[in-house]
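Below, each chain spelled out in residue letters.
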Amino acid sequence: MAKPGLTEIRERILAWEKVIHEDSPMYSRLAHSVADDDSLLEMVSVVPTGQIHMNMLLAGVHYLMLYDSNVPLADWYPSLGGTRGPEGIEQPFADFVQANRDPLTALMKSRRVQTNEVARCAYLLPAYNVVNALTAPPVALIEVGTSAGVTQNVDRYGYRYRSAAAAVALGERSPVQLQCDTGDAVPAPARALPQIEWRTGMDLHPVDISDEDQAKWLRALVWPDQVERHTRMAAAIEVAQRYPPTVEGGDVFAVVPQLVESAPAEAAVVIQHTWVLNQLSRGDRERFYHMLDDLAVDRSIYRVSGEALDGAPGTVLELTIHGPHRSTRELAAVHHHGAWMRWRK
């Protein structure tokens, strides 16, 4: 696949900004600043195919400052104790990037965006309950693109689903408490914790959450002006240290069949992925779907996905039942970081 030119990179950055501008005024300003600077566009052109240019650059900057925050730019980063608003960040950001061009380039070439956004569990939970309702056995969960695996612990977190009519609280004793706005009503599948008997995950580049440097990279991927997300990540790491996730490294086409074979025979296999398939070509996505269809010859395979593919305006939560007559049902429109969910009736 050919590397994109600067014009295409600029267009991708501005498209990314449209998705995130309400969530992060700080990153929104920086996206426009980078898009207007050819030297920065040239710099981010080293980002590997399938990775998001702004995420890689911004995570690299944040990561370097997590090691040394004694720089002027840190004044704009709430995650580092900064108290300034986003106005005026553009020049200090550009100065920091130019001063750290070599280490940032190395990071963008070698690291991956592997955001473990634990709040996505708020929309994954009801999807697992839909599977529980379709099949008597409990779930055997296999997460594709699991990174450090913290979203495998979905049934060990607390939730508060809020609607115009009522609120539902689950898992109130967990150190991880997730909030989700569900609009007019809390959907029935979001009213109980799912039954998960067995869980594992795979990633091409697994993250060892017990490794200090790798944990720092995970923190760097969390947007610095969203302090609540940093608090959630710290709490999720605490839970993961108590219940260590299983993460297998390797290629999806080699590892997933092995994991399916390892799953308990009595359990319903659920393959789950969020914001992962954008890293695959259309051809490889189809190959992935057909692989799951073939695996479903021997046992039921359900796939829960939260993706925004092929120009979709937002993230869609879907449930696919694989097999010779594959069928897909849209469950909800969701916020990409789990802040809200609009369940389809």
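As a reminder, the structure under discussion sits directly above these lines.
Quick look at the structure, then.

Cut-offs used in this document
- Residues numbered from 1 in each chain as written.
- Predicted model: local features only at pLDDT ≥ 70, side-chain atom pairs only at ≥ 80, totals over all residues.
- Heavy atoms only, no water.
- Salt bridge = Lys/Arg side-chain N within 4 Å of Asp/Glu carboxyl O.
- Helix = DSSP H or I, 4+ residues; strand = E, 2+ residues; numbered from the N terminus.
- Buried < 20%, exposed > 50% of the residue type's maximum accessible area, 1.4 Å probe, protein only.
- Contact = heavy atoms within 4.5 Å.
- Polar contact = N/O pair within 3.5 Å; in protein donor to acceptor, adjacent residues only side chain to side chain.
- Axes fitted to C-alpha atoms, helices over the stretch in contact; angles between N-to-C directions.
- Parallel < 35°, antiparallel > 145°, perpendicular 65-115°, else oblique.
- Left-handed = near helix turned anticlockwise from the far one by under 90°.
- Nonpolar A, V, L, I, M, F, W, Y, C, P; charged D, E, K, R; others polar.
- Pairing = 2+ DSSP bridges.
- Core = buried A, V, L, I, M, F, W, Y, C linked by side-chain atoms within 4.5 Å.
- Expected span 1.5 Å × (residues − 1).
- Arc of directions from axis to C-beta.

Scanning all chains against the criterion turns up 15 salt bridges. Where Arg199 meets Asp155, a salt bridge forms, and the shortest distance between an N and an O atom there is 2.5 Å. Highlighted residues: Arg199 in strand S5 (residues 196-203) and Asp155 in the loop between strand S1 (139-144) and strand S2 (158-162), separated in sequence by 44 residues. The exposure class assigned to Arg199 is buried, which follows from its relative accessible area of 16%. Arg282 is the salt-bridge partner of Asp310, the closest N and O atoms lying 3.2 Å from each other.

Another aspect to go through is the side chain of Ser28. Mapping Ser28 onto the fold places it in helix H2 (residues 25-35). Overall, Ser28 belongs to the buried group, its relative accessible area being 10%. The residues touching Ser28, leaving out its near neighbours within four places in the chain, are Glu17, Ile20 and His21.

Before going further, it helps to examine helix H8 (residues 212-221). An α-helix turns once every 3.6 residues. As a result, residues three or four positions apart point the same way. Within H8, burial applies to Ala215, Lys216, Trp217, Leu218, Ala220 and Leu221. Against helix H4 (53-67) and helix H9 (227-242) lie the buried residues of H8. If you check the start of H8, you find a side-chain oxygen 3.1 Å away from the backbone N of Asp213, and it comes from Asp211.

With that settled, consider the environment of Gln91. Of note, Gln91 is situated in helix H5 (residues 90-99). It is 9.7 Å that separates the C-alpha atoms of Gln91 and Leu30, two residues lying 61 residues apart in sequence. Only 2.8 Å separates the side chain of Gln91 from the side chain of Asp95, close enough to count as a polar contact.

Moving on, we come to the packing of helix H1 (residues 6-20) against H2. Where H1 contacts H2, the two axes come as close as 9 Å, and the packing angle between them is 165°. Comparing the axis directions of H1 and H2 gives the class roughly antiparallel. With respect to the hand of their crossing, H1 and H2 are arranged in left-handed fashion. Contacts between H1 and H2 involve Arg10, Ile13, Leu14, Trp16, Glu17 and Ile20 from the former and Tyr27, Ser28, Ala31, His32, Val34 and Ala35 from the latter. Partitioning the contact of H1 with H2 into residue classes produces 8 nonpolar, 2 polar and 2 charged.

Strand pairing in a sheet takes place through backbone hydrogen bonds and is either antiparallel or parallel in direction. Within the open sheet, the 3 strands sit side by side as S3-S2-S4. Their pairing is mixed. Strands with a single pairing partner mark the edges of an open sheet, and in this sheet they are strand S3 (167-170) and strand S4 (177-181). Between one strand axis and the next, the sheet turns through 10° on average, direction left out of account. Here S2 runs beside S4; their pairing, made up of 5 bridges, is parallel. Bridge pairing in S4 places Tyr159 opposite Leu178. Where helix H7 (residues 121-134) meets the sheet, it contacts S2, S3 and S4, and its direction lies at approximately 90° from that of S2.

Val61, Tyr77, Phe93, Tyr157, Tyr159, Tyr161 and Leu317 are the most contacted members of the largest nonpolar core, which has 89 residues in total. Broken down by element, the residue count for this core peaks at 10 residues, all from H4. Counting 24 residues, the second-largest nonpolar core is a separate cluster that includes Val255, Val276, Leu277 and Tyr289.

Attention now goes to H1. Between its first and last C-alpha, H1 extends 21 Å over 15 residues, near the 21 Å set by a 1.5 Å rise per residue. Of all the positions in H1, only Ile9, Ile13, Trp16, Glu17 and Ile20 are classed as buried. Down the axis of H1, the buried side of the element spans an arc of 105°, and every buried residue falls inside it. Seen from the buried face of H1, the exposed residues on the opposite side, beyond 90 degrees, are Thr7, Glu11 and Lys18.

We now examine unusual backbone geometry. The phi dihedral of Ser147 is positive, around 55°, even though this residue is not glycine. Here Ser147 shows up in the loop between S1 and S2. Assessed through its relative accessible area of 1%, Ser147 is described here as buried. The residue Trp275 is not glycine, and still its phi comes out positive at about 50°. Within the fold, Trp275 resides in the loop between strand S7 (268-274) and helix H11 (282-295).

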